[in-house]
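Analysis of the macromolecular model
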Amino acid sequence: MGIAAVELCGRFPLAWYSAPEDDPACAAIMDANLVLLKALLLDGDGPTKEDDEHGVLPALHTKIDLLLLMMSKGLRGLEPLPESVYCCMDAQQLRWRGQPAGTPPSPKGPGALALYLRPNMAIPLILPGSLMKDLPGSEGDWSGRFAHRLSETVQECLDRLIFRYHRRSVARSREKP
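Owing to the predicted nature of the structure, the values given are computational and were not obtained by experimental measurement.

A few words on the side chain of N33. By the element assignment, N33 lies in helix 1 (residues 23-42). Judged by its relative accessible area of 1%, N33 falls in the buried class. Not counting residues up to four positions away in its chain, the partners in contact with N33 are P124, L125, I126, L150 and V154.

Here it is as structure tokens:
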């Protein structure tokens with residue numbers, strides 16, 4: 001598997017997370033992921049001329065859902081964020097240099113990673129999936145690769161977020177002389 005053309009790269013807090021044990025647990029994780037990704041997609045984008053009550057109301061609901069999610073996380077007690085590692089994520093996988101915090105899952109079993117895309121929110125994107133085995137030298141100097149499996153709606157939001165990040169990084173590189 002080669003390098004993706006569009007990916008999100010940077011230093012992010014990253015930790016191993018317990019894999020969801022059943023379908024309801026996985027659905028709850030996907031719901032929280034969807035709220036987080038929608039909120040990240042809203043960030044920095046004010047209303048446009050095309051917005052009407054049909055476009056603004058769902059954005060308001062997403063912000064309220066995010067606020068409730070953050071409050072519930074705060075009530076449970078915020079733990080310190082894990083150490084940041086250099087990561088690159090595309091539509092199918094997450095690669096990293098260094099070691100995620102915590103204990104990795106069995107190479108043969110399911111696992112999950114908690115990726116904090118916006119550390120000031122302290123809410124991770126939970127990526128259920130599995131570790132990928134690499135052939136020596138096949139992927140450069142990456143410490144690990146993880147194939148994530150997300151619901152279709154969460155995957156669509158993640159794809160949009162990655163594309164937006166890519167588009168902004170290209171725009172910033174063109175601005176520099």
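Right, let's talk about the state of the cysteines for a bit. All chains considered together, the criterion is met by one disulfide. Residue pairing for C9: its cysteine sulfur links by disulfide to C88, the two sulfurs lying 2.1 Å apart. What sets the handedness of the C9 and C88 disulfide is the S-S torsion sign, and at about 115° it is right-handed. Remark: C88 occurs in strand 2 (residues 84-89) and C9 occurs in strand 1 (residues 8-17); sequence separation between them is 79 residues. In terms of burial, C9 and C88 fall into one category: buried.

Right, let's talk about the sheet that holds strand 3 (residues 93-97) for a bit. In any sheet, the strands associate via hydrogen bonds between backbone groups, in a parallel or an antiparallel arrangement. Taken in spatial order, the six strands close into a barrel running 1-2-3-6-5-4, and their pairing is antiparallel. Averaged over all adjacent pairs, the angle separating strand axes in this sheet is 45°, with direction ignored. Pairing geometry for strand 1 and strand 2, over six bridges, is antiparallel. Across the sheet, L8 pairs through a bridge with M89, a residue of strand 2. Each of strand 1 and strand 5 (125-131) is contacted by helix 1, which is oriented at about 125° to strand 5, the strand it contacts most. Here helix 3 (residues 152-175) sits on the sheet and contacts strand 1, strand 2, strand 5 and strand 6 (144-148); the angle it forms with strand 1, its principal contact strand, is near 145°.

Another aspect to go through is the pattern of salt bridges. Evaluation of the coordinates by the stated rule reveals three salt bridges. Two residues, E7 and R95, come together in a salt bridge whose shortest N-O distance is 3.0 Å. Here R95 lies in strand 3 and E7 lies in the segment before strand 1, a separation of 88 residues in the sequence. On the basis of relative accessibility, which here comes to 16%, the residue E7 falls in the buried class. Note that R95 is salt-bridged to D90, the shortest N-O span being 3.9 Å. Each member of the pair, R95 as well as D90, carries the same accessibility label: buried. Salt bridges here are not isolated pairs; linked through shared partners, they connect E7, D90 and R95.

This paragraph deals with the nonpolar core. Across soluble globular proteins, you tend to see nonpolar side chains buried next to one another. Counting residues in hydrophobic clusters, the biggest one holds 34 residues, and the most contacted among them are M89, L94, W96, L115 and L117. Of all the secondary structure elements, the ones that give two or more residues to this core are strand 1, helix 1, strand 2, strand 3, strand 4 (111-115), strand 5 and helix 3. Per-element tally for this core: the top contributor is helix 1, with seven residues. The residues contacting W96, other than those within four sequence positions of it, are L14, W16, V85, Y86, C87, L113, L131, W142, S143, G144, R145 and F146.

Once that is clear, we can look at helix 3. The end-to-end C-alpha separation of helix 3 is 35 Å, in line with the 34 Å expected for 24 residues at 1.5 Å each. As for helix 3, its buried residues are in contact with strand 1, helix 1, strand 2, strand 5 and strand 6.

Let us now look at the environment of E152. Here E152 shows up in helix 3. Judged by its relative accessible area of 62%, E152 falls in the exposed class. Along the sequence, E152 and M30 sit 122 residues apart, while their C-alpha atoms lie 9.6 Å from each other.

Calculation criteria
Residues numbered from 1 in each chain as written. Predicted model: local features only at pLDDT ≥ 70, side-chain atom pairs only at ≥ 80, totals over all residues. Heavy atoms only, no water. Helix = DSSP H or I, 4+ residues; strand = E, 2+ residues; numbered from the N terminus. Buried < 20%, exposed > 50% of the residue type's maximum accessible area, 1.4 Å probe, protein only. Contact = heavy atoms within 4.5 Å. Disulfide = S-S within 2.5 Å. Pairing = 2+ DSSP bridges. Axes fitted to C-alpha atoms, helices over the stretch in contact; angles between N-to-C directions. Salt bridge = Lys/Arg side-chain N within 4 Å of Asp/Glu carboxyl O. Core = buried A, V, L, I, M, F, W, Y, C linked by side-chain atoms within 4.5 Å. Expected span 1.5 Å × (residues − 1).

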